[in-house]
Amino acid sequence: MRIDHILRRTRIDRPERFRLADCDAAHTHGIEVDKEEAKQHLADDAERLRDLQERLYAENRWAVLVILQGMDASGKDGIVKHVMAGINPQGCEVHSFKQPSAEELDHDFLWRCAMRLPARGRIGIFNRSYYEEVLVARVHPEILAHEKLPDELVSTRIWQQRFDDIRAFERTLAHNGTLVLKFFLHISREEQRERFLARLEEPAKRWKFSMSDVTERRAWDRYMLAYEEMIRATSHADGRWYVVPADHKTFARLVVAGAMVEALDRLGLAFPKVTGAALRRLTEARKALVAEKRPRKPRRRSAG
């Protein structure tokens, strides 16, 4: 299975031409997502990610930030569960950003996410992120009233200013060794409806459903416009967006896993080499450990 051409099609390299209406949420680019081949490919990528993460952790020079955005039920939790299945929990942290706390509202809109950025050698996953501040806050402008901004700063220019701030923030991260990977899980309105109904019909999943999910569906068109403008404004060389068709869960997971493998491969990650005086010390340590080996006592034979 070749997925590199799909990554090129889903990665937004020319944002000025991007139109969300041109993206089919059910498109799988010819991949039969229900076949064993697709599932095996996903398992292979998960194994490859495990190896790359070990190298990332050992090298301790780069950090990786994965941003997952999408409408409710678009599959963000599933990406974390299935794509990151093989990753060592010690080298990965997942943060979900819900309604801001009182403390978070006392800071700028980037602060709470900046406090959760991954350290060198680690992978950080943001299930929603600072992009909520140009999505939810834009669809529901009354949210700005709770952010304690001076009145003169709340103008029609605030969204463009936030786009500028986000691009600058991500460039700073990139210039300091953080690889930024951003995925918009593009689900259709009908597929979301089907997934909501499935949650309501399955007792083990009803806890996931909130009445606000239905309320937000009424603003679907406004959200799509907000996503389109956000992607146009914030897909840049140091943080390109992938617009991932997400109506088919397996396909979405394949794209995210493939993009992560491709991006981490480009870093040329390697286990640190021990040379010189450090290697000589290790050789001496090995000799000392070998010298401690004691001969085993002969086992007693049982009578009879």
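Refer to the structure above for everything that follows.
Let us look at the structure shown here. (Residues numbered from 1 in each chain as written. Predicted model: local features only at pLDDT ≥ 70, side-chain atom pairs only at ≥ 80, totals over all residues. Heavy atoms only, no water.)

1. Comments concerning the overall build of the protein
Each helix and strand in the protein was counted, giving twelve helices and five strands. The dimensions of the protein, computed from C-alpha atoms along their principal axes, are 85 × 45 × 40 Å. Out of the 304 residues in the protein, the part that is buried amounts to 45%. Summing over all exposed atoms, the protein offers an accessible surface of approximately 17700 Å²; the carbon and sulfur share of this is 49%. A gap of 10 Å separates the mean positions of the 55 positive and 47 negative side-chain charges of the protein. (Helix = DSSP H or I, 4+ residues; strand = E, 2+ residues; numbered from the N terminus. Buried < 20%, exposed > 50% of the residue type's maximum accessible area, 1.4 Å probe, protein only. Areas by Shrake-Rupley, 256 points an atom, 1.4 Å probe, with all protein chains shown as cover. Lys, Arg positive; Asp, Glu negative; His and termini not counted. Charge placed at Lys NZ, Arg CZ, Asp CG, Glu CD.)

2. Some words on the nonpolar core
The biggest cluster of nonpolar side chains holds 41 residues, and the ones touching the most others in it are Val-64, Val-66, Val-83, Ile-123, Ile-125, Phe-183 and Met-260. Secondary-structure elements contributing two or more residues to this core are helix H1 (4–10), helix H2 (36–59), strand E1 (63–70), helix H3 (76–83), strand E3 (123–127), strand E4 (178–186), strand E5 (241–245) and helix H11 (249–266). The greatest single-element share of this core, amounting to eleven residues, is contributed by H11. Among all residues touching Ile-125, those that are not within four sequence positions of it are Val-66, Leu-68, Val-80, Met-84, Cys-92, Glu-93, Val-94 and His-95. Of all hydrophobic cores here, the second largest spans 38 residues; its members include Phe-97, Cys-113, Phe-169 and Met-230. (Core = buried A, V, L, I, M, F, W, Y, C linked by side-chain atoms within 4.5 Å. Contact = heavy atoms within 4.5 Å.)

3. Regarding the pattern of salt bridges
Where charged atoms from two side chains of opposite charge come close, those side chains can pair. Considering all chains together, one arrives at 26 salt bridges under this definition. The salt bridge partner of Arg-48 is Asp-265, with a shortest N-O separation of 2.5 Å. Placement of the pair is Arg-48 in helix H2 and Asp-265 in helix H11, with a sequence separation of 217 residues. On the basis of relative accessible area, Arg-48 is assigned to the partly exposed category, the value being 31%. On the basis of relative accessible area, Asp-265 is assigned to the partly exposed category, the value being 37%. Between Glu-229 and Arg-138 there is a salt bridge, with its nearest N and O atoms 3.3 Å apart. Pair noted here: Glu-229 is in helix H10 (residues 220–234) and Arg-138 is in helix H6 (residues 136–139), with a separation of 91 residues, a long-range link. Since its relative accessible area comes to 34%, Glu-229 is described here as partly exposed. Residues participating in the shared-partner salt-bridge network are Arg-11, Asp-13, Arg-240, Glu-262 and Arg-266. (Salt bridge = Lys/Arg side-chain N within 4 Å of Asp/Glu carboxyl O.)

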